[in-house]
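Fold and contact review
Residues per chain are reported as follows:
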Amino acid sequence: MPLIKTIAEYRAYIPVDVNTSLGTMTPFIDEAEKLFIIDLLGQEFYDEFSALYAAAPGVALSADNLKLLPYIQRALAYYAQLQAMVHLAVTWGDMGIRQHHADESDPAPRWLQEKLQFQALRNGDLHADKLLEFLEQNATTANDYGTWFDSDANTINSGRIVYGTAVASKHIDINNSRRVFMKLRGRIREIEERIVPKLIGKEQYEELVEELKAGTPTAENMALIEKLEPIICKRALFMQLPFMRVSITENGIFVYSGTDELLKPGQLARETDIKVLRQQLMDSEEMGYLADEELLRQFILDNIADYPLISSTGVYTVQPDPGPTWEPKNDPDNKFFAV
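Cut-offs used in this document
- Residues numbered from 1 in each chain as written.
- Predicted model: local features only at pLDDT ≥ 70, side-chain atom pairs only at ≥ 80, totals over all residues.
- Heavy atoms only, no water.
- Helix = DSSP H or I, 4+ residues; strand = E, 2+ residues; numbered from the N terminus.
- Buried < 20%, exposed > 50% of the residue type's maximum accessible area, 1.4 Å probe, protein only.
- Contact = heavy atoms within 4.5 Å.
- Areas by Shrake-Rupley, 256 points an atom, 1.4 Å probe, with all protein chains shown as cover.
- Core = buried A, V, L, I, M, F, W, Y, C linked by side-chain atoms within 4.5 Å.
- Patch = residues over 30% accessible without salt bridge, like charges linked within 9 Å, V, L, I, M, F, W, Y side chains within 5 Å.
- Salt bridge = Lys/Arg side-chain N within 4 Å of Asp/Glu carboxyl O.
- Lys, Arg positive; Asp, Glu negative; His and termini not counted.
- Charge placed at Lys NZ, Arg CZ, Asp CG, Glu CD.
- Phe/Tyr/Trp six-rings, centres within 6.5 Å; stacked < 30°, edge-to-face > 60°.
- Lys NZ or Arg CZ within 6 Å of the ring centre and 35° of its normal.
- Pairing = 2+ DSSP bridges.
- Expected span 1.5 Å × (residues − 1).
- Arc of directions from axis to C-beta.
- Polar contact = N/O pair within 3.5 Å; in protein donor to acceptor, adjacent residues only side chain to side chain.

**Points about the overall build of the chain**
Along its length, the chain carries 14 helices and four strands. The buried share of the chain, reckoned over its 339 residues, is 41%. In the chain, of all internal contacts separated by at least 6 residues, the share reaching a separation of at least 24 is 66%. Surface accessibility of the chain: about 19,500 Å² in total, with carbon and sulfur atoms responsible for 53%.

**A few points about the nonpolar core**
Residues Tyr-10, Met-25, Ile-37, Leu-41, Phe-49, Leu-68 and Ile-72 are the most contacted members of the largest nonpolar core, which totals 49 residues. Counting only elements with at least two residues in this core, the list comes to α1 (7–11), α2 (22–41), α3 (43–55), α4 (63–84) and α5 (110–138). Contact partners of Leu-68, with chain neighbours within four places excluded, come to Phe-45, Phe-49, Leu-131, Phe-134, Leu-135 and Tyr-145. Judged by nonpolar contacts, the second largest core, of 42 residues, contains Ile-161, Ile-188, Leu-224 and Met-244.

**Structural notes on a negative patch on the surface**
Taken together, the side chains of Glu-44, Asp-47, Glu-48, Asp-144 and Asp-150 make up a negatively charged region of the molecular surface. In this fold, Glu-44 is placed in helix α3. Taking relative accessible area as the criterion, Glu-44 reaches 58% and is therefore assigned exposed.

**Looking at the packing of aromatic side chains**
Considering all chains together, one arrives at eight aromatic pairs under this definition. Both rings, one in Phe-36 and one in Tyr-79, keep their centres 4.0 Å apart while their planes meet at 5°; by these two values the pair is stacked. With Phe-36 in helix α2 and Tyr-79 in helix α4, this pair connects stretches of sequence that are 43 residues apart. On the numbers, 6.1 Å between centres and 55° between planes, the contact of Phe-45 with Phe-49 is tilted. One end of the pair is Phe-45 and the other is Phe-49, both in helix α3 and four residues apart, which spans about a single turn. Judged by relative accessible area, Phe-49 falls into the buried class, the value being 0%. Members of the aromatic cluster, each reached through a chain of ring pairs, are Tyr-71, Phe-134 and Tyr-145. Positioned above the aromatic ring of Phe-254 is the side chain of Arg-122, whose terminal nitrogen or guanidinium carbon lies 4.3 Å from the ring centre. The ring of Phe-254 has Arg-179 lying over it, and the distance from NZ or CZ to the ring centre is 5.6 Å.

**Digging into the pairing of strand β3 (residues 246–249)**
Relative to strand β4 (residues 252–255), β3 runs antiparallel, the two being bridged by four bridges. Bridging from a neighbouring strand, Ile-248 pairs with Ile-253 of β4. Where β3 hands over to β4, the hairpin turn is made up of two residues, counted between the paired strands.

**As for α3**
When the terminal C-alpha atoms of α3 are compared, their 18 Å separation across 13 residues agrees well with the 18 Å that a helix rising 1.5 Å per residue should span. Every buried residue belonging to α3 is among Phe-45, Tyr-46, Phe-49, Ser-50 and Tyr-53, and all of these are buried. Axial view of α3: buried residues confined to an arc of 130°, hence all on one face. In this structure, the buried side of α3 is in contact with α1, α2, α4 and α6 (146–149).

**What to know about the side chain of Asp-292**
Inspection of the secondary structure puts Asp-292 in helix α13 (residues 289–303). The class of Asp-292 is buried, set by a relative accessible area of 9%. Residues contacting Asp-292, with those up to four places away along its chain left out, are Pro-230, Ile-231, Lys-234 and Met-287.

**Regarding the environment of Gln-117**
Mapping Gln-117 onto the fold places it in helix α5. Between the C-alpha atoms of Gln-117 and Tyr-78, which are 39 residues apart in sequence, the distance is 9.4 Å. Ignoring any residue separated from it by four or fewer positions in sequence, one finds Gln-117 in contact with Leu-82, Met-85, Val-86 and Leu-262.

**Details of the side chain of Arg-178**
Following the sequence through the fold, Arg-178 ends up in helix α8 (residues 178–194). Taking the relative accessible area as the measure of exposure, Arg-178 reaches 8% and is therefore buried. Polar contacts involving the side chain of Arg-178 include one to the side chain of Glu-136, which spans 3.1 Å. Beyond its immediate stretch of four places on either side in the chain, Arg-178 contacts Asp-129, Leu-132, Glu-133, Glu-136, Thr-155 and Thr-165.

**Quick word on unusual backbone geometry**
In this structure, the amide linkage connecting Ala-56 to the following residue, Pro-57, adopts the cis form with an omega of 5°. Within the secondary structure, Pro-57 is located in the loop between α3 and α4. Although it is not a glycine, Asn-175 sits at a positive phi angle of roughly 55°. Its location among the elements puts Asn-175 in the loop between α7 (165–169) and α8. Here Asn-176, not a glycine, exhibits a phi torsion of approximately 55°, which is positive. Note on placement: Asn-176 falls in the loop between α7 and α8.

Next comes the structure, spelled out in structure tokens:
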């Protein structure tokens, strides 16, 4: 069941032509749900919410779901507009592909159509972020968003050092975008499972994660977490950037959901811009993750007494025992010079 039932609901978000019927828009609403909305909500929560919405108004939506509905519908309306625009002026069938226009109007020029498509994509992505932000701030296991909270669609990465968008935004310019964070989650998981244990040891990493999940990190472990967060975030963005369609603005990185056909070169970051950003993320003298790793190593050396789980593993190399304390005597007749 589409999550927009009437053309009046659609017009609440998009000022569509008065002659447009819901039947015209329904295929595009359905397509937009499958391409964009289900990934945001997770299949299980989408099915659950869709069933409740289909039963309304016979069965009233709960207060929680009434608050969530506009966030879903606004993003959905823009994504449906994006899917519809290339099709509404043409039909296809036995007579081939036909273009239509009324006697008193003409089809919009191609440049204007492309501009509107890009605007629909950007607005859809912006409101998708607002949808995720609402869920992140309000979902718990005890309310009507519990299914989302317990799913992989949850934008709080439970069981990780970098567990959510707010943590990542402290160290990389993603403008608190949940959608960017979702693109980075796989890399964050990979870094925390493969690289972080090599830096602090598996036992120490597991202790940090358990304390974060319980909300009880010690002062010493919190200090270690603060050294690890920028390494994880910068490495994740460095690794994932080549696989993302992004623009780089004064507000940070914005990632697009659309296909390459929708996005023009001027709307995306240039390859040289991506290269410069990746280099800054890796080996900038003050801000790169390599510099952060050096700070971490020095921090561990300076505070090793506070981290017995690190000192007991092979990742921490103790200083060698002092050499011989006797002083060799040098003589002009020797064939060697000792120090």
